[in-house]
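Spelled out, the chains give:
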Amino acid sequence: MAVMERDETGGTEQAHTHRDIQGGWLRPAVFGAMDGLVSNLGLVAGVAGSSASNRVIVISGLAGLVAGAFSMAAGEYTSVASQRELVQAELEIERRELRRHPEDELKELAAVYESRGVEPGLAREVARQLHEDPEQALETHAREELGVDPGDLPSPTTAAVSSFLSFSVGAVLPVLPYLLGAQSLWYAVVLALAGLFACGAMVARVTARAWWFSGLRQLALGAGAAAVTYGLGAAFGVALG
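Residues numbered from 1 in each chain as written. Predicted model: local features only at pLDDT ≥ 70, side-chain atom pairs only at ≥ 80, totals over all residues. Heavy atoms only, no water.

What about the overall build of the protein?
What counts here: Only DSSP runs of H or I reaching four residues or more are called helices, and only runs of E reaching two or more are called strands; each is numbered from the N terminus. Burial classification: accessible surface area is computed with a 1.4 Å probe over protein chains only, and a residue below 20% of its type maximum counts as buried, one above 50% as exposed, and the rest as partly exposed. In this description, contact between two residues means that some pair of their heavy atoms is separated by no more than 4.5 Å. The protein chains shown are the only cover counted for residues, whose accessible areas, like all others here, come from Shrake-Rupley with a 1.4 Å probe.
Within the protein, the regular secondary structure consists of 9 helices and 2 strands. Order of helices (α) and strands (β) in the protein, N terminus to C terminus: β-β-α-α-α-α-α-α-α-α-α. Across the 241 residues in the protein, those meeting the buried criterion constitute 34%. A separation of at least 24 residues holds for 65% of the contacts in the protein among residues at least 6 apart in sequence. When the accessible area of the protein is evaluated, it comes to approximately 14100 Å², of which 62% is carbon and sulfur surface.

Structure representation (structure tokens):
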């Protein structure tokens, strides 16, 4: 989104842009990749810790990939769809109020601007002009009262597809070394942790966090999960063996 602002001298207007922070793809994509890496690394490590054969490890990892990807996609779709339906229901209430009680809604909007320091007469005039267009009035009330843009609601399908694909990409990394013939868990651990570090570093480009901090944080979380599940797998393997 482009925003115009004046330079320090108060002269020429300059444009700057903001990143899209309300889109429906970033959050599920990030969480999907992280979840795929951590959960499947933990699964593979746990099964490997029980001294299972490589065949069992691969089958378990692939099953975890498929089940997790569909679970993430279904969860994201339901979550975003429910949120969208709630917003649409609130928008319908606001639309009805604008139609039935336009003067009350106008006063309400003017009061919002007054609370932000706008002179009362000017605040009412701005509200009056915005109310001349019913859709503009609805959009303004939605932003001011609900904090949403009616024309930019997140898409459940976009969230589901992003989550499914990113989880699959993350979850395949711990299994990939075994598919390529590796015989040791360490190859899977190193590849998955490298993936987690890379994901964390890439997220930092969006969040403005230090890339090394974000990368190391994700690496530490993944390493901790793998260590715990490996230990549990080893303990269960001994107990059940």
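Structural notes on the packing of helix H3 (residues 102–115) against helix H4 (residues 120–130)
Our working definition: Only C-alpha atoms enter the line fits that serve as axes; for helices the fit covers just the stretch in contact. Angles between N-to-C directions range over 0 to 180 degrees. Angles below 35 degrees are treated as roughly parallel, those above 145 as roughly antiparallel, those between 65 and 115 as roughly perpendicular, and all remaining angles as oblique. In a left-handed crossing the near helix is turned counterclockwise from the far helix by less than a right angle, and in a right-handed crossing that turn is clockwise. Three classes are used, and their members are as follows: Ala, Val, Leu, Ile, Met, Phe, Trp, Tyr, Cys and Pro are nonpolar, Asp, Glu, Lys and Arg are charged, and the others, Gly among them, are polar.
Here H3 crosses H4 at 130°, and the two axes come no closer than 8 Å. In terms of orientation, H3 and H4 fall into the oblique class. As H3 runs across H4, the sense of the crossing is right-handed. Between H3 and H4, the residues in contact are Glu 103, Leu 106, Lys 107, Leu 109, Ala 110, Tyr 113 and Glu 114 and Pro 120, Ala 123, Arg 124, Val 126, Ala 127, Arg 128 and Leu 130, respectively. The class makeup of the residues in the contact of H3 with H4 is 9 nonpolar, no polar and 5 charged.

Examining the side chain of Glu 94
Condition: By the counting rule applied here, Lys and Arg register as positive and Asp and Glu as negative, while His and the ends of each chain are not counted. Any Lys or Arg side-chain nitrogen found within 4 Å of a carboxyl oxygen on Asp or Glu counts as a salt bridge.
With respect to the helices and strands, Glu 94 occurs in helix H2 (residues 54–100). Arg 96 provides the closest opposite charge to the buried, salt-bridge-free Glu 94, at an N-O distance of 9.5 Å. When near neighbours in sequence (up to four residues on either side) are disregarded, Glu 94 contacts Glu 105, Leu 138, His 141 and Glu 145.

Thoughts on the confidence of the model for the protein
How we decide: Across the chain, each position has a pLDDT score giving the predictor's confidence in that residue, from 0 to 100.
For the protein, per-residue confidence averages 86 on the pLDDT scale, and residues scoring 70 or more make up 86% of the total. By mean pLDDT, strand E1 (residues 2–6) is the weakest element of the protein at 47, and helix H7 (residues 176–179) is the strongest at 95. Under a pLDDT of 50 for its full length, residues 1–5 has, in the predicted model, 16 contacts with residues more than four places off or in other chains.

Re the pattern of salt bridges
Side chains carrying opposite charge are able to pair once their charged atoms draw close together. Under the definition given, this model contains 7 salt bridges. The partner of Glu 92 in a salt bridge is Arg 95, and the shortest N-O contact between them spans 3.0 Å. Placement of both Glu 92 and Arg 95 in helix H2 is noted, with a separation of 3 residues, approximately one turn of the helix. Using a relative accessible area of 30% as the deciding quantity, one classes Arg 95 as partly exposed. Residues joined by salt bridges that share partners form a network here, namely Glu 125, Arg 128 and Glu 132.

Digging into the packing of aromatic side chains
Here is the rule we go by: For Phe, Tyr and Trp, rings pair up if their centres lie within 6.5 Å, where Trp contributes its six-membered ring, and each pair is then called stacked (planes under 30 degrees apart), edge-to-face (over 60) or tilted (otherwise).
As enumerated under the stated definition, the model contains 3 aromatic pairs in all. Both rings, one in Trp 212 and one in Phe 213, keep their centres 6.2 Å apart while their planes meet at 85°; by these two values the pair is edge-to-face.

Observations regarding the nonpolar core
The nonpolar side chains of a soluble globular protein tend to be buried with one another. What counts, and what does not: Each nonpolar core is a collection of buried residues, namely Ala, Val, Leu, Ile, Met, Phe, Trp, Tyr and Cys, held together in the definition by side-chain atoms within 4.5 Å.
Residues Leu 41, Val 44, Ile 57, Tyr 178 and Leu 185 are the most contacted members of the largest nonpolar core, which totals 20 residues. Here this core takes 8 residues from helix H1 (residues 26–49), the largest share from any one element. Ranked by size, the runner-up nonpolar core spans 8 residues in total, among them Val 87, Leu 91, Leu 98 and Ala 142.

So, the environment of Val 87
When you line up the elements, Val 87 lands in helix H2. Sequence separation between Val 87 and Ala 142 is 55 residues, and the spatial gap between their C-alpha atoms is 9.2 Å. When near neighbours in sequence (up to four residues on either side) are disregarded, Val 87 contacts Val 148 and Leu 153.

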